[in-house]
Structure formats: C-alpha cells, structure tokens
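# A closer look at the structure
What follows is the residue order along each chain.
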Amino acid sequence: MWRRRLTCLFGGEEKRVDSRTIHAGRGSSPVADAFPQQKFCDNRIVSSKYTIWNFLPKNLFEQFRRIANFYFLIIFLVQVIVDTPTSPVTSGLPLFFVITVTAIKQGYEDWLRHKADNEVNKYPVTVLEDGKRVGKESEKIKVGDVVEVLEDETFPCDLVLLQSSRDDDTCFVTTASLDGESNHKTHYTVPDTVKDVESLHATIECEQPQPDLYKFVGRMHIRRDGQETAVRSLGPENLLLKGATLKNTKKIYGVAVYTGMETKMALNYQGKSQKRSVVEKSINAFLIVYLCLLVSKAFVCTTLKYVWQNQHGQDEPWYNPKTQQERDTNLYLKMFTDFLSFMVLFNFIIPVSMYVTVEMQKFLGSFFITWDKDFFDPEVQEGALVNTSDLNEELGQVEYIFTDKTGTLTENNMEFIECCIDGFQYKNHKFLTETDGLCETDGPITITLNKAPEELEELFLRALCLCHTVQVKESQPVDEIDGVVLDQVDGFSPSPEDQCAFIASSPDEVALVKGAMTHGFTFIGSDSKSMKIRNRDNRVEVYELLHVLNFDPVRRRMSVIVKSESGEVLLFCKGADSSIFPRVRKEEVDRIRVHVERDAKEGYRTLCVAYKRLGNEDFARVDAELREARLSLHDREEKLMAVYNQVETDMILIGATAVEDRLQDRAAETMEALQGAGMKVWVLTGDKMETAKSTCYACRLFQRGTELLELTVGALGEGEGKREERLLELLLEYHKRVVHDTPPSKTGLHRTWSSPGQDYGLIVDGATLSLLLNASPDGTGSHYKNLFLKICQSCTSVLCCRMAPLQKAQIVRMVKSSKGSPITLSVGDGANDVSMILEAHVGIGIKGKEGRQAVRNSDYAIPKLKHLKKLLLVHGHLYYVRIAHLVQYFFYKNLCFILPQFLYQFYCGYSQLPLYDAAYLTMYNICFTSMPILAYSLFEQHISIDTLLDHAALYREVAKNAMLRWGPFFYWTMLGVFHGLLFFFGVYCVFSNPALLPSGQVFGNWTFGTIVFTILVFTVTIKLALDTRHWTWINHFVIWGSLAFYILFSFFWGGITWPFLEQQRLYFVFINMLSSMSAWLAIMLLIVLSLLPDVLLVALRRPRGRNTRQVLPRSPLCFPSIPHQVFQIPPVSHLHAHISSFLHASFLCISFLCPLSLFNSAVAG
Amino acid sequence: HPRDVRTCETNKHRTGSSGEGTTNRPDNTAFDQQRLPAWQPVLSAGIVIPGFLLVGLAFIGIGVALFVTSRSIQVLEVSAPKGFPPLAVPPTRGGPVFLYYGLSNYFQNVRGYGCLAMTTSSGGTCPRCSPSSSCAPYQYDQNTTIAPCGSVANSMFNDTFTLYQLVNATRKTVPLDGKGIAWWTDYNIKFRNPPEVDGSLAAAFNGTVKPVNWPKPVYDLDPTNPANNGFLNQDFLVWMRTAALPDFWKLYRRITEGEYASGLPAGNYTLEIQYNYPVANFAGRKSVIFSNTSWMGGKNQFLGIAYLVTGSLCVVMSAVMLIVYAKFNSPDEDF
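Note that the coordinates shown come from a computational prediction; the quantities given were computed from them, not determined experimentally.

### A short note on the overall build of chain B
Helix and strand counts for chain B come out as seven helices and 11 strands. Residue burial in chain B is summarised as follows: out of 335 residues, 48% are buried. If you take every contact in chain B between residues at least 6 apart in sequence, the share linking residues at least 24 apart comes to 78%. For chain B, the exposed surface amounts to about 14,900 Å²; the carbon and sulfur share of it is 57%.

Structure, rendered in structure tokens:
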C-alpha cells in the first residue's frame, strides 16, 4: 500500500499552509534564508508495509486482528491462566506455527516490495548542483533540485519544466502509466528560464500537493542580476508528472516541486482493496457454525456436569475429594472456568491449521499458473503473472465476464484494410506488413476494378498524408528513403511486423498514414511549419501547415489547413461518418455511405475524408478568426469550437477508409468456450456501437440467431423529456419479451445446450446507461435498474459501448451487487480498464500495448486473451475443487477428531479429561493429517486437464460454489458425526470388557484413547485416499508416509520415558495395544465400517462421470463420448444416486441406533 | 542493418523483467505443468462388487471365529459380594483362570484423579521431593510429603479375596498368583522405587508418610514378598492404570498353580472377602469376576457380532449392486 507518510516532516502548523515556496537551484540560492525554510519529504517511494524494526510488533498486531487468530490466542491465554485439561502447548504450538508461516509469507512479500521500491528509489538521476551535473540516486532528490531527464526516461518526481532540448521550448511526454492515455502531450517551459538553467535564481510558489493530475497552480519569481524580479504563472502545462515518460525530446531540465509520496502519482495510487474469495466467505460461515457447535458442546457439558453432580454422592465421592481451593471457589466462577475448560478441550474442532494449509495451498498453488508453459507468449516473452494468490479458486466460480474490446478482444493493432475513393473500392491485396516488415513503396498493390479519376485518388492520398498529427520519430537515422520506418507505440517492443517510427495519439492515424504509404504517398515528416510527403513519382512535396483543427470527441473529426507548393490553400478533414456527412455536399454521400456501412458491419473502424479549397480571402478570414479565438481569454474552447464548426462546412467528400483492429488469436474460440462454461460475457468498450457490435459478431458473442435488443440513444430517439418515458417503455417491452416469454428453467446458468430457447443480446450505450443509473432518485430509478438487470441477466451477451472507465466499474458493481451476488471477472489491457479490474471479484490484466497499468492492478495477468480459457476452465476449476475439498475435509476431520472427546465427557464425570494424549492432540493437525490434504489440494485433478479444456460445460458442475454450499457441508458434517460416533462407541463396546490381552491384563483410559485415535488417523487418511483421483508419487508418499509416521511416532513416543513429562501416560500404551488381537480387529472393523458408505457412494456415483472423467483422458484408443451426455444425466445414475443415498442413510441409521441405546443407558446410569 | 533496429529498449526501469528474454519461459517439466504421471484408480463395479464380496466373506470368517472364541470363554461374575459367597463352578476349559474385581459407577477417569507425581518413577530417587501440585489434596499430610501422593493412590482398592474349593466339606485354599497382573513395562521400567538405604526400602521412604486412607505404608504393602513393595507393588500398579470407563474390571489375581493351572475344576467354591472398600456412598457396586481368556483376551461378544453384521452387510451390498448393474447398465459395461 502506498501510505501517505504522515511522518513526512509536515509539522502540524505547516500542514495548514496551503502553498509551498521552493527555491529553484537550492544550492545556489543566496536568498534562501530570507524565507522561512519549509521542509519537504525526500523522494523516497514507500510501498512496503514494514521495516526490520517494526515488522514483528506490527505484523503480530495485524495477524491477531484476524478473528480466527484472535480466537486461538484467547484459547491459548485461557489455557495458560485457567487450570485446563490440556496443556497450553497443544494450542500454542499450532498457533505459533500458523503465525510464523504467515509472518514469513508476509515478510517475503514485503521484501519484494522493498526490492521494487529500491529499484525505483535507487534509480540513477542527474541533478544540477552549483552548475555542475551530479549523479544521484532518485531518492536523494530534494524539492528545489534541478533535475535532468533524458529521452524515454520517466520523471523521477513532479517537475516544473525549465528547459527543453527542442527548439520550440516544448517537450513531449506520455502519461500512459498514469491515466492510460498513450498519446503524446506537449508541455511548455516556463518563459525566460530557458537560457540559463545553471545560473537560475528563482522561487516557485505553488499549492500543496493534491491528487488531481490536471490541476496545478503556481507562480515563479525569476531573479536576475540587475533586473527586477519577473513573475511567471505556472499551470499544468508546465508540470511534468512523476511516472510520465519523456518522448521525442532529447533532454529537459526541470525543478522538483513535489517529491516522493507527495507526487501526484503517489497520491493517486489507490490502494488495492483486499479481495476476499467466496471460499473464504464460506469458510467464515462454516466457522460460525462450528463455533456455535463448540459453544453448545461446552455449554451442554457444563450444564450436565452440574446436573450430574447434584445427584447423591456424585459431587464429591470419598475417593476423589476436592482440594481446599476448589471448595473455596465461588460456584458460578467454577461453572465459568468449567465452561472455559470445556471450550479449551473442544477447541480443536475449529482447525487452526486449516488457515495455514489454505494459505500454503494458495501460495504454492499459484505457482502452477506462473509455471504453465501454455501461458507463455513468445511475443511478449512472458508467461502469466500472479499478483495475488488469494483468488485462485475464484477463477473457478466466474459467472460474469466483463471484457474490454480494444486490446483485449482485439489486438489493438490497426491495419489499413481498404479505402473507397469517390465510391470506388480500393482493397489492399495483401496486408502490408505480413511479408518481411517492409512497406512497399514501389507501387500500390491494389485491386481496383474501377478506378476513380487519378487526380481524385491522389487528392485522397494526400489528404491521408496530411490530415493527421502523426510525427516521425526524430532520432531515427534518415532511412525513410528505404521506406523503413519504425513504429513506436508507447514503449512497447513492436511486433516485427510493423517497425515504423510513427508517433501518434491514436493507432488509427498511424494505420492511415501507413495505408497511404502502400498506395504510394509517404509522409516523411513535419516540423512546426511544414509537412513533407513523397508522392508516387518519388518527388517530395512540401506543404505549409497553416492550422490544425484538433480532434475532439464532440466534433469527432479533425482538420488541417495547408498551403501547397502551388500556393493553393486546402482544408482536409477526416472524421466519423456521422460528423462528416452533414457537412459535405449531398450528392457524394450516398455512394460512399454504402461502403462505410458495409465496412462498419464487417467490424472495421471507418473514417470519412473530405476536403475544401479555400480561396485567398476565405482563408484570410478563417485565419483571422482562428487566431482571434486562440488568443481570447474567455471561453476559448467554445469560441474555437464555433470557428471550427463554421470552417468545416461545405466540404467535398472524397472517400472513406476502413481500418481493421484484428481479433486476438482465438478470441472467438475462447469466448465460445467461456459461454459454453455457463459464463456470461459482457463487452464494455469505449468504442462506437457499430464497430463493437461487429466485433461481438466476429467473436461469436452474438450469433446469427441472436435477437438484439438495443437500448441506445438511437433507439430512444431525440428529445430530452421523452427519453425517459421511451426508456421505460423499451425496458418493459424487453423485459416482457426476454424474461416472461422464456420459461425460467431455460434461462440463466442451467440452460442446457439442447434447449431451443431464443438467444438474446443486449446493446447499451454510455448515455443510456447514465440515464438508467442516474434516473430520478424516487423509486423509479431502482425500478429501472431492476428491469435492466433482469433483462441483462437473461441475455446471453451484453454489449456496452461508449463507456467511460468509471461507467465500466459502475456496471461491474451493479452486477456484483445484484441478487445472488454473482462472481464477476474483468479483463482488460489498458488504464481505462483499471477501474473495472479493481471493481470485479477477479481482475485479469492482458499484457497488451497500452502500458502496464492494467497488469499492475490486476490479480492475474496473462499475455493474451486466449489464455483466459485455460486459466478459468482448468486452473480455476481445479483450484476450486481442491480448496473446496480441503475446507470440507478439514472441518470433517476435526469434527470426528473432537466428537469422541466430547462423548467421552459423559463417561468421565464431565471432568474434562482429554481422550487423547496431549501429543496426539497437538500433532493430529500438524503432522498426522496435514500433509495428505495439502498434497491433495495441490495436485488433485479429479478430471484431467485435457478433458477440462475440451468440455467447457464441466465448469458448470462447480458453478455457484457448488461444493461449499450448505448441502455438501451438511453431508460432510454428518459424515464427521457418523465417524465420530462410530469410533467412540465402537471402542466403547470393545471396552465393555477391558481385559483385551490374552494375559488377562486390562487396558486403561489412555489405551482407549489411543485406539480411537489410531482408527481416526487411519480413517480420515484413507477417506482422503478414496477421494483422490489423481495419485502422483507425491500423493503416495505423503499418504502412506503420514500413516507410517503416525505409527513410528507412536512407537517412539511410547517407547521412551521422556524426562520432561510429569506423567508418562503413553508409556508403552501403543505397543501394548498392538499386542492385543482384539484391538487390531476392532481398529480394522471400525475403519472398514466407517468407510463403507463412502466406498459405496464412490462406486455408485461412478457411471455418471464415466463419460467425462475416466475414459476420455489421454487415452487415444477411446472414442470420446458424445458431449451431450454430460448434461443429460442418464436415468441410471438417478437411480444410483437414490440407491446410494438410501444405503448411506441406512448405514447412518444403523450406526446411530446401535450406540445410541448404549449412550442413553450410559447417560441414564 | 536498419531494419533490425528496435527502438524499444526504453522503459527499462518501468517494465523491469521484460527484457530478460527467453529466461522467462516456464520450465517444461512434468511437475511444473501438472503432468506428473499419475495412477487414476477407478472404483468400477468390476472392482467394487468382488471387493465387497471378499471383504464381506473375510469379515464373516473373522466374525465366526471371534464369536465362537468368545462363547467359549467362561465368565463367572459375583455381584455385590460380601462375606463368603458360594460359587458353583461349571467345568472350565482352558486356563488359567483370572480373578478380577469390578467396580461400577466409579470414576477413575476423572481429571485430577489420575495424577501421580512421577518424580518417583523417572529416576525414582526422590520420594521426599515436593510432590506435584496435581496431587492435591493428598499432597502433604501435616506438611510431610505423602508417598505415593494423590487421590488415586490414596483410594487404592483394598478388599482382599481368598478362594477356597469345597472338597468334601473341607475348604481347600486355591493358590492365587499376584505376579504378572500389571503391565510388564509398568513393573520393570515405568515405575521405580527409590534406591534402598542400607538395604532397607523403608529407610528410602524415610521422611514421607503413608497415604491417609492406607492402613500401612507403601514399603510394607506385601509382607509376604519383599519384591512386591514400594511403588512396585503389582496391585498398586494395576490400580494406577486408570480405567477408561466408569464400569471397569481390574485384574486381581491369576490362578496359575497346581491343579488349578489349566482352569478351575468343576465343583463348589467359596470366596472369602475382606470387605474394606466402601462404595455405597457414591452408589457404586462391586463385583468379583472369574474368567479365562483366549487369543482375543476376555469375553467380548460385541466384536464377533459386529464382524458378522458388517460382513453380511458387505455381501448384501455386493448382491444389491450386482442386481443394480445387471439390470440397469448398458451391455458395454465391463465387469
């Protein structure tokens, strides 16, 4: 967590000062003393939680804030203070173990954070001190230092730009890692400081740090010898933010204003809130049940104890008189301590070690994701990345997938596909980059059935070459002659296909320029005044760039005004069809509209190109207006907009372009698999509806038969007032159609493939969504929302287009908090997806082209979308099954561990005598039964990986937390009760005659406990063995090893008189037990009897899974069976299920009834 | 060559590891890829049904053996004995016969009761050392250490039994063997007496007093056999092995000598009981049991019956499963 360090040298009263004064070039400032010296933090970034010194206390404090740990601590303290049946070691040791393991894990993670911090903090920077360049570590930068930053370096702190190597006193930066905008932004130097950075004497007054990235207010007082102080105002255009990267500028100097944790980046870093998985919630619910069980057990025992003691002679038989202390104690106090003692005695029912095993399972298990070679992408040269191991099992529970479009479903790799000039189609014969990375310049490769007039064609291509803000990377050697131009997209290694050093705010522009190149017109470069292109005749044309009418999302177009060599003034405009068509002469529109619409349908991003000749007087007028608007102080934006709109009229449409954003590799297959697995895929994109829709079709999210429901501005029509009514109308209509007309059984997750039900798809856009979500607060708002949600949930796919990043998060939150709180997963690659990645239960980052922001904020990062399939269907499924089984098994094994001890209280006068020896009590969870379940939870593959991949529908088997619902929990609990009863009363019956040795000698209570314990250890271990479907050598090793270890330990523990033990309770108990044939037979009988129902169940359940589980995996000889059998449970297995449950129930009955009678008589007696 | 120029060695410090090249590639080992060779057992009908049958038959076999053995063990129980109860002993097969005393509603397994300070056993040198506080309230008797301390020792069973055979109206004493009634390890290793002082055990216990309820001190428990004194008294050791349940037997004597070694001859016997041990005030009962043993120990019908029931259940299950599979399964079922 990025913690705002309050210790950061801000005293109380200085905090209130709302501006700070900084002496630029600190060292050389002679007037520094004239100002009260303010203290600022150093430039250290601290994301780590602990230091060596505070690690222990702080970590302990945080660990004991967890309810489970605190509970164990209390139990431990009770054991230490009160006279309890078991020694404090029995709960102290496991607790110590848990705390230590967790501390080591957290310490390791913090060490990694320290390392990452150090990497940033120790990064070498150059600082000017006394006019000399001094190398420093980044963390040593102080406020007021003048820092030198070279091209492609990130700024080490927030700087006010003083000097740039560019002639025009500007520099370019990208802020991709801050806000995800990968375009180049221009920042300006403070006027008058340019010449003399070394001898600069200046004071900067600016506001105290605040997180808004786009706000900065300050003043700079520049002193020069013999001149009066010049004051310059500072704005956000002068401020370079930490985390941004310098581009296209050789070097800059800037003065540090905010450092370390006070930089805007650090202030903006939202701490990732801890995500808790649904399994963890289940654990907590079960924990409460067991806690109630524990308390009620202790309560029952305490009550019965005092009831029993009221009987004549039982309170204090002569053979066991009370001590003086016991007599003196107050009755109620005694009851209370008895209650506590029972709590302590039974506290093992809440498994301490479960937490550590779960933690270990998650931590170790997540390595399998990192190690998976299928996630390795040769292009990125990386595999998957696991940022948190807490959510592994959540990957198996996903119900809703929210995916970004650009960069996630598509490659964000724009390709010029075709253009249409004057109604004639020009299709690229080949993709320009597929051969050898070369852009051909020796002639256009086009199939032109009918050609437009040549001059129109050239005009169009010139327009493409001129109407943009693309820049050619300057540092390139002059090899444009060869046509080799290197692409540079935001610091990412370009794919070998497009090595072109064009820099642009949008990849579309690059694609267009490159597209023009294939047709013979190459953009060579520009400076602030002119643009150069090489035409088909290999002649360089120079255009004077007069004005750039910048792109903005409202106008949705941009224009340039250039003057050709012949002195002609031309305006070129390109933009979305909807914004161009009304502004051109009508006659051309129709011919081109056909193409544009067809292209949009195909999933291409389309733009229209138009031009206009400006006469001299026209231009003079426009020029004057533009200048005036630019210089105006008030409402500059509005005025500019008005002029733009006025200029961009009466244009002549020349043509349109189509750019393809190719689908990611196997995107459709992945989406189909995910839908087959019962997940609903929602596409949330900022892109426009037509494009997004076609992408959805391409990804097969919408199928041909899918009926599309639209909730868009278009569907709602114009007019502010009517919109809401119309919206409600539409909602009601769709709701009726989708929800009511479809039988409920066929909707939702359980819709089988065979069902002929109509598929629905929904399209919503941002404007409608905000109308929906922000509708009038009086009741109707939530009504809208409910209707909308119901419609959404009944649709197979939902497309939300024109979404702002925050709206994406809003949608995720809406679904997340809807009824049944489904598990959501967000997948995205850009900074605009961060909000939804953080919002969803599981956030997946694609290691795409738009920076690492998404990856860093994600829980898991994968190189490509296609990896999502294996991540969810295989890893998620397996992790879920593993951990669910782990949790259930843990509760089960502790229930049947402690139940005999509870029952024993009825036969030992409620005196809290433990049934088992302290060593067994302690070791049971730590040594004897912990390893097999850990191995199971790491290696189990109840269904093989290949089968899981091939049959997406298997994912539905574990959907909705299937293995951790109350049903299975009840089953496991009953199993635990059954086993516990069987163990205790079985041995009880055997002990009706304690002379179990042929020598006539009798066994005592410790032998009784040891027999029960032996049965217990063997039964729970073999039970796990029965559940294990995938026996690697590790499973064999730990399962048989655990049993062997138990036997060896028992021999050892009972074979030696331990000097530190006061009572050698177990001395030779185990060995003596083994010398009794009856004990052997009893152990064998009870193990077999308790496992019989399970064997039966496994055997009878088999036919159902047969098709998918056993036959298919890796056996080339077997025919894969028909997948639909997976869903249609054959009638046979219905019967089997019935029979098996009946048998199981009857088993339970038998085992209950037989000892219960004994139990009753015993209690009565 | 310019074509090979890559411009993107930038952001080294931002992307960190991305520049490391192929070292990022995950290892392609079976372990890493979760493709370790694995045995995937299938509990098919072909295994389960014969398995159940086999287990069932085996269990029935064991059950029959246990049942028969258990039936052959003869037990003669005398409840609430007092004075000279006459005993008519039927012909017994197999000896030796063991004499047990039984106590019911007697909670030897109460926490705090079972405690015995083992300072005496581990090393056995220090009977005068301050005994463990768990011995309270029988820790000190007027500030002198009690040896052995604790309630359990204090309440040691002290009825004595003598068995007579009535032969022609004369009483013939049946020799009772008090050796070997405690666990061998208890007698030889776990418990130890303090080293004798001047050849006298009594001197070793100098400075301690006898437990309050005892008529005689620990070093004088068995006047007839000096090796059966101190902590190493067999009756004491038997008593100290606390019973698991409130109704229990404890071995009193073995009948191993002479004509009685192979079982009590049929006839009339009488038992002389010296009644010392009070049980009435806690509603307890005493009994005396004569029993012989077999390989399975004493008589216990439960095990035999349980084995028979479980075995038959298994057989029935396998039959049911057979029917189910034969009736409902497709012909391609492989069993």
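### Let's talk about the overall build of chain A
Along chain A, the regular secondary structure elements total 37 helices and 34 strands. Per-residue burial over chain A gives 60% buried out of 1165 residues. About 46,200 Å² of surface is accessible on chain A, with carbon and sulfur atoms providing 59% of the total.

### A few points about the UniProt feature "transmembrane region" (unreviewed entry) in chain A
As annotated in UniProt, the feature "transmembrane region" (unreviewed entry) corresponds to residues 64-82, 285-308, 339-358, 969-991, 1003-1025, 1037-1058 and 1142-1163 of chain A in the numbering used here. Its end C-alpha atoms 21 Å apart, residues 64-82 of chain A is made of 84% helix and 0% strand.

### A few points about the packing of helix 7 (residues 278-310) of chain A against helix 27 (residues 867-905) of chain A
Residues and elements named next belong to chain A. Direction vectors running N to C along helix 7 and helix 27 enclose 5 degrees, while the axes themselves pass 12 Å from each other. Comparing their axes, helix 27 and helix 7 come out roughly parallel. In this structure, helix 7 uses Val 279, Ile 283, Phe 286, Leu 287, Tyr 290, Leu 293, Lys 297, Val 300 and Cys 301 to contact helix 27, whose residues at the interface are Tyr 880, Ile 883, Val 887, Gln 888, Phe 891, Tyr 892, Leu 895, Ile 898, Leu 899, Phe 902 and Gln 905. Along the lines of polarity and charge, the residues of the contact of helix 7 with helix 27 split into 17 nonpolar, two polar and one charged.

### Focus on the pairing of strand 28 (residues 680-684) of chain A
Residue and element names in this part refer to chain A. Among the five residues of strand 28, five are classified as buried, and the element is accordingly described as predominantly covered. Taking every second residue as pointing to the same face, both faces of strand 28 are buried, with Lys 680, Trp 682 and Leu 684 on one and Val 681 and Val 683 on the other. Note that strand 15 (residues 400-403) and strand 28 share four bridges and pair parallel. In the sheet register, Phe 402 faces strand 28, and the bridge partner there is Trp 682. The pairing of strand 28 with strand 31 (residues 797-801) spans four bridges and is parallel. By the bridge assignment for strand 31, Leu 684 is matched with Cys 800.

### A few points about the confidence of the model for chain B
All names here are of chain B. Put simply, chain B has an average pLDDT of 81, and 85% of its residues get 70 or more. Across chain B, strand 9 (residues 248-255) holds the top mean pLDDT of 93, while helix 1 (residues 12-15) sits lowest at 35. Every residue in residues 117-125 scores below 50 in pLDDT, and together they form 27 contacts with partners more than four places removed in sequence or on other chains. We note a pTM of 0.79 for the whole complex and an ipTM of 0.91 for its interfaces.

### Observations regarding the side chain of Gln 33 of chain B
By the element assignment, Gln 33 of chain B lies in the loop between helix 1 and helix 2 (45-72). Look at Gln 33 of chain B and you get buried, because its relative accessible area is 10%.

### Things to note about the packing of aromatic side chains
For the structure shown, the criterion picks out 89 aromatic pairs over all chains. Between Phe 985 of chain A and Tyr 988 of chain A, the aromatic rings sit 6.1 Å apart at their centres with planes inclined by 75 degrees, giving edge-to-face as the arrangement. In this pair, Phe 985 of chain A and Tyr 988 of chain A are both assigned in helix 31 (residues 966-990), three residues apart and thus about one turn of the helix distant. A relative accessible area of 3% means that Phe 985 of chain A is categorised as buried. A cation sits over an aromatic face here: Arg 171 of chain B above Tyr 164 of chain B, 4.1 Å from the ring centre. Note that Arg 253 of chain B overlies the ring of Tyr 252 of chain B, its terminal NZ or CZ placed 4.3 Å from the centroid.

### Quick look at the sheet that holds strand 11 (residues 239-240) of chain A
Residue and element names in this part refer to chain A. Strands sit in the order 3-2-4-13-5-11 across an open sheet of six strands; the sheet is antiparallel. Each edge of the open sheet is held by one strand with a lone partner, namely strand 3 (132-137) and strand 11. Pairing of strand 2 (residues 124-129) with strand 4 (residues 146-150), which is carried by three bridges, proceeds in the antiparallel orientation. Looking across to strand 4, one finds that Leu 128 is bridged to Val 146.

### Here we look at the UniProt feature "transmembrane region" (unreviewed entry) in chain B
Residues and elements named next belong to chain B. Feature annotation in UniProt assigns "transmembrane region" (unreviewed entry) to the following positions: residues 42-68 and 302-326. For residues 42-68, the end-to-end C-alpha separation is 38 Å, with 89% helix and 0% strand making up the annotated structure. A helix fraction of 100% and a strand fraction of 0% characterise residues 302-326, whose end C-alpha atoms lie 36 Å from each other.

### Brief notes about the UniProt feature "active site" (unreviewed entry) in chain A
Residues and elements named next belong to chain A. Taking the numbering used here, the UniProt-annotated feature "active site" (unreviewed entry) corresponds to Asp 404. Tracing the sequence through the fold places Asp 404 in the loop between strand 15 and helix 11 (405-409). When sequence neighbours within four positions are dropped, the list of residues in contact with Asp 404 reads Leu 409, Leu 684, Lys 808, Val 827, Gly 828, Asp 829, Asp 833 and Met 836. Within the local environment of Asp 404, its side chain forms a polar contact with the side chain of Thr 408, the two groups lying 3.4 Å apart.

### As for the pairing of strand 31 of chain A
Residue and element names in this part refer to chain A. Burial analysis of strand 31 places five of its five residues in the buried class, the great majority of the element. Of the two faces of strand 31, the one carrying Ser 797, Leu 799 and Cys 801 and the one carrying Val 798 and Cys 800 are both buried. Here strand 30 (residues 760-765) runs beside strand 31; their pairing, made up of five bridges, is parallel. Considered in strand 31, the bridge of Val 764 is made with Cys 800.

### Some thoughts on the pattern of salt bridges
Residues and elements named next belong to chain A. One pass over the full model with this rule turns up 57 salt bridges over all chains. The partner of Lys 373 in a salt bridge is Asp 374, and the shortest N-O contact between them spans 3.8 Å. Taking the relative accessible area as the measure of exposure, Asp 374 reaches 34% and is therefore partly exposed. Note that Lys 864 is salt-bridged to Asp 377, the shortest N-O span being 3.4 Å. With Lys 864 in the loop between strand 34 (860-862) and helix 27 and Asp 377 in the loop between helix 10 (352-371) and strand 14 (385-386), this pair connects stretches of sequence that are 487 residues apart. Overall, the relative accessible area of 11% leaves Lys 864 in the buried class.

Conventions we followed
- Residues numbered from 1 in each chain as written.
- Chains lettered and ligands numbered in written order.
- Predicted model: local features only at pLDDT ≥ 70, side-chain atom pairs only at ≥ 80, totals over all residues.
- Heavy atoms only, no water.
- Helix = DSSP H or I, 4+ residues; strand = E, 2+ residues; numbered from the N terminus.
- Buried < 20%, exposed > 50% of the residue type's maximum accessible area, 1.4 Å probe, protein only.
- Contact = heavy atoms within 4.5 Å.
- Areas by Shrake-Rupley, 256 points an atom, 1.4 Å probe, with all protein chains shown as cover.
- UniProt positions renumbered as here; feature names shortened; annotations may be inferred.
- Axes fitted to C-alpha atoms, helices over the stretch in contact; angles between N-to-C directions.
- Parallel < 35°, antiparallel > 145°, perpendicular 65-115°, else oblique.
- Nonpolar A, V, L, I, M, F, W, Y, C, P; charged D, E, K, R; others polar.
- Pairing = 2+ DSSP bridges.
- pLDDT = per-residue confidence, 0-100.
- Phe/Tyr/Trp six-rings, centres within 6.5 Å; stacked < 30°, edge-to-face > 60°.
- Lys NZ or Arg CZ within 6 Å of the ring centre and 35° of its normal.
- Polar contact = N/O pair within 3.5 Å; in protein donor to acceptor, adjacent residues only side chain to side chain.
- Salt bridge = Lys/Arg side-chain N within 4 Å of Asp/Glu carboxyl O.

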